[in-house]
Amino acid sequence: YSKRQDYQNFHLRVQARLNAQGKASIGFGKDGGYGVRLEGNGSVCLWQGRDKKLTDLQRATGIAFTPGDWFLVEAIVQGQRIVIKINDKPFIDWRT
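For every chain, the first residue of its written sequence is number 1, and the numbers climb from 1 along that sequence. Two thresholds apply to this predicted model, a pLDDT of at least 70 for residue-level local features and 80 or more for giving and counting side-chain atom pairs, whereas whole-chain, interface and lining totals are computed over all residues. As a rule here, side-chain values come from all non-hydrogen atoms in the structure, and water together with hydrogens is ignored.

A.B. asks: Help me understand the packing of aromatic side chains in this model?
C.D. replies: Aromatic rings considered in pairs are described by the distance between their centres and by the relative angle of their planes. The aromatic pairing rule takes the rings of Phe, Tyr and Trp, using the six-membered ring of Trp, and pairs them if the centres are within 6.5 Å, calling planes under 30 degrees apart stacked, those over 60 edge-to-face and the rest tilted. Inspection of every chain in the model, using the stated rule, returns two aromatic pairs. Note on Phe 10 and Phe 28: the rings are 6.0 Å apart at their centroids and 75° apart in plane angle, and the pair reads as edge-to-face. In this pair, Phe 10 is assigned in strand 1 (residues 10-17) and Phe 28 in strand 2 (residues 23-28), connecting sequence segments 18 residues apart. Pairing Phe 65 with Phe 71 gives two aromatic rings, centres 4.0 Å apart and planes at 15°, and the pair type is stacked. For helices the rule is a DSSP run of H or I covering at least 4 residues; for strands it is a run of E covering at least 2, with both sets numbered from the N terminus onward.

In C-alpha cells:
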C-alpha cells in the first residue's frame, strides 16, 4: 500500500500458492485502479475497479498455474499497457 499517487510505470512481483478452492486478488494502481484475480482452478483475470464495482477486462485462456504449487505472478505496467505473467509466461496483455 502506498499513499503516493505519482507512480506510473512499475513491475510488481508476488509469489503465491492457492489450493483448488482458493481465490485471491491483487490490486494495483491509483483510485481502485486495476488488479488481477486468481482462482484455484488456475484461471487468471484482469479487472478494473471504479465506483466500488469491479469490471472484468480480460480473462486469460488456459491454465496458468497448478493448484497447490507455488507460482510467480507479475504485473508489469508501462504507460497504457498492462502485462500479467504467471511463471514468466505472459497470459494477459492489455492496453487501456
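A.B. asks: How should I be thinking about the sheet that holds strand 2 in this particular structure?
C.D. replies: Strand pairing in a sheet relies on backbone hydrogen bonds, with the paired strands running either antiparallel or parallel. Only strands joined by at least two bridges in the DSSP assignment are considered to pair. Spatial strand order, 2-3-4-5: four strands in an open sheet with antiparallel pairing. The sheet is open, and its two borders are formed by strand 2 and strand 5 (53-59), each paired with just one other strand. Going from strand to strand, the sheet's axes swing by 30° on average, the running direction of each strand aside. Examined bridge by bridge, strand 4 (residues 44-50) and strand 5 share six bridges and lie antiparallel to one another. Note on strand 5: the bridge partner recorded for Gly 49 is Leu 54. Helix axes use the C-alpha atoms of the stretch in contact, all axes being lines fitted to C-alpha atoms, and the angles between their N-to-C directions lie in the range 0 to 180 degrees.

By themselves, these figures tell us nothing about what the structure is for.
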